[in-house]
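A structural walkthrough
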Amino acid sequence: MDDAGADGRHAGGASGGEESIDPPEEFRESAAVADPDVYDSFAADGPDAWRAAADLLEWDRYPETVLDDDDPPFYEWFPDGRLNAAANCLDRHLADRRNQLAIRWFGKRGERRSYTYADLHREVNAAAAGLRELGVGEDDVVTIYLPMIPELPITMLACARIGAPHNVVFAGLSAEALATRIDAADSAYLVTCDGYYRREDAFNQKSRADNARLKADADLEATVVVDRLGDALETPLGADEHDYGTLVDAHDGERVDPVARDATDLLFVMYTSGTTGRPKGVEHATGGYLAHVAWTTRNVLDVRPDDTYWCAADIGWITGHSYGVYGPLATGTTTVLYEGSPDYPDRDRVWDLIERNAVSVFYTSPTAIRSFMKWGAEYPAAHDLSSIRLLGTVGESITPKAWRWYREHVGGGDAPVVDTWWQTETGAITLATLPGVTPMKPGKVGPPLPGIDARVVDRDGDPIEPGETGYLTIASPWPGMLRGLREGEERYLREYWIEGEDGWRYRTGDGATVDEDGYVTILGRVDDVINVRAHRFNTAELESAIVAVEGVTEAAVVGDGDGGVVAYVTTRSDVEPDAALRESITAEVAGVVAEVARPDRIVFTPELPKTRSGKIMRRLLEDIARGEEFGDVSALRNPEVVGEIESTVREE
Ligand code: ATP
Ligand code: MG
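Presented here is an overview of the structure given in this document.

Definitions and cut-offs
Residues numbered from 1 in each chain as written. Chains lettered and ligands numbered in written order. Predicted model: local features only at pLDDT ≥ 70, side-chain atom pairs only at ≥ 80, totals over all residues. Heavy atoms only, no water. Buried < 20%, exposed > 50% of the residue type's maximum accessible area, 1.4 Å probe, protein only. Helix = DSSP H or I, 4+ residues; strand = E, 2+ residues; numbered from the N terminus. Pairing = 2+ DSSP bridges. Polar contact = N/O pair within 3.5 Å; in protein donor to acceptor, adjacent residues only side chain to side chain. Contact = heavy atoms within 4.5 Å.

A few points about the pairing of strand E29 (residues 552-559)
Counting buried positions along E29 gives 8 out of 8 residues, so the element sits mostly inside the fold. The pairing of E29 with strand E30 (residues 565-571) spans 7 bridges and is antiparallel. When the sheet's bridge partners are listed, valine 558 is paired in E30 with valine 566.

Here it is in structure tokens:
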């Protein structure tokens, strides 16, 4: 079975005869879900099947009702239930594992801090008491602007404990972006820090937060400042500013009773990453979100309390919320929190951390995997990664080539690799294989999870034939779904919902194909379709063909505005981007996709411009290809490459 498609050419299209890999027998034996009937039993029970997720939580009032769908698409999950998210992540574990590690933190300067469940519980209580002292009450939104330090999850949980929704803003975003998010979330409280290390330098986060306060319309009631840098950076505090350490120490040892929240009450606001258009303030409710996150952590990522688990995503994005904080802590596992970059001090840092912590479940993104591939297999090979039991990926489509590399060089050749599709709005994983049950097909996400009514449809909402391109939609509600948008009901309806003859459908905005076995291949955003000489191609299909060429690591294709295609390509560090490579790329596209889709120009570049969450900014590349003005690049992770790419394009 393993050799069909081993040339890595089956991405993008639903070409038949591709590789299908059964769950490894050894894994299946101890998997959380090993019974294939799970699909049928969820289908038979309808929304009630999700009671299994509610049962993973501890409720102050157990929900009698699973779903209230009287006023679609304003759905309410577990509407009569009451619970506290922080108590579910901490208090209920104390009896069994108070001395088990909850968080193992690794700082940028080689610092380490570990928290047992008892330690974490104590500090969250103190932080909750501190926030209360500053006036934070139930339903007051607290904005958190912190890097990957323990105080970030601690503050989130402290907010959850007192029923104050959090609004985490990724620490790398600008003052402008922070100001917009403070205002849009109606937030009167901010928790930030003095600064953090960027490579060798101390970066002043506080002055960026100060600028945001000047730009924001809202007057903040109080700001709390974590001292991350100590003597390396002095940041004087104003009258309404409080030192985090002093505040928490003053309340050390105090107990704050967790506030019982309605399941439908707001747990947090999270702005989408903004790959397309304006960011949206997604609101997640407490009960449905936590139940769905806990269920998928246990049954899709197969995390158990005795695992050491590492989700490498930044907590500033939804993946870090769901699978870096709430999922692992609700499950009672030990989780790794890493502040630094994957290539500092060296390119084996990730493998070093996996070995050091005996990480058994590792969850990262295709962007990261492509970097690992580019750096070379010698880095993982230099470490003992035999603790790995399962690998996960999220954020973008993974090419079969990257999928195989990940399994081979990180997963010891036999770990299940679970490609998970979901969005800020879905709250938790919605499409993925169940690692103990469902065969994997590299490059295809897989079928919808049990209980998720995802369908690939045409413009009219009718199912498409296998192999055709359509829109990924979800035809019934699911527990982790957003409860609304900060921008209001009208925008929520307009942005996501279509009313059809058979009810309301959620639009994901992603294009997809589906094969005879019901496996979905994500083709990217619906807008990521380019017109090449009057033929419509999906960017992901072309890019998969290009990265299948030996030596190529990443590719982004855009239309040049005149019916032609421009391909931006990065190569492995030891590969010379020469005429022969151009020729191979062109031949591959012509051979695998279509003669007519051959790129008109191939631009080699050391890096592709990416958003902070690691997604390629195609809009920008398109502007450059068309010789148009391009907008603000400050939201990029690597704004410096833009000038370089632009001058390469002009010179050619
Ligand atoms: P915005 O909605 O503001 O444009 P965004 O969609 O990039 O930002 P996220 O919610 O973080 O913000 O990303 C969700 C999107 O990421 C999905 O809609 C999909 O396009 C992509 N995605 C996530 N997981 C996968 C996956 N496993 N395979 C393919 N694409 C994925
Ligand atoms: Mg989106």
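Having seen the structure, we can now continue with the description.
A short note on the side chain of glutamate 151
Mapped onto the elements of the fold, glutamate 151 is located in helix H7 (residues 151-161). Residue glutamate 151 is classed as buried on the basis of its relative accessible area, which comes to 7%. A distance of 3.3 Å separates the side chain of glutamate 151 from the side chain of arginine 113, its partner in a polar contact. When sequence neighbours within four positions are dropped, the list of residues in contact with glutamate 151 reads Arg113, Leu146, Val226 and Tyr244.

Let's talk about the environment of serine 544
Summarising the element assignment, serine 544 is placed in helix H18 (residues 539-547). Taking the C-alpha atoms as reference points, serine 544 and proline 258, separated by 286 residues in sequence, lie 49 Å from one another.

Examining the environment of leucine 472
Structurally, leucine 472 is set in strand E22 (residues 470-474). By relative accessible area, leucine 472 is classed as buried at 1%. The sequence separation of leucine 472 and valine 514 amounts to 42 residues, and the corresponding C-alpha distance is 9.6 Å. If near-sequence neighbours (up to four positions away) are discounted, leucine 472 is found in contact with Trp421, Leu431, Ala454, Arg455, Val456, Tyr506, Arg507, Thr508, Gly509, Asp510, Ala512 and Ile522.

Side note on helix H8 (residues 175-184)
Residues of H8 that are buried: Ala175, Ala177, Leu178, Ala179, Arg181 and Ile182. Buried-residue contacts for H8 involve strand E6 (142-144), strand E7 (166-168), strand E8 (189-193), helix H9 (205-215) and strand E14 (266-271).

Keep in mind these numbers describe shape, not what the thing actually does.
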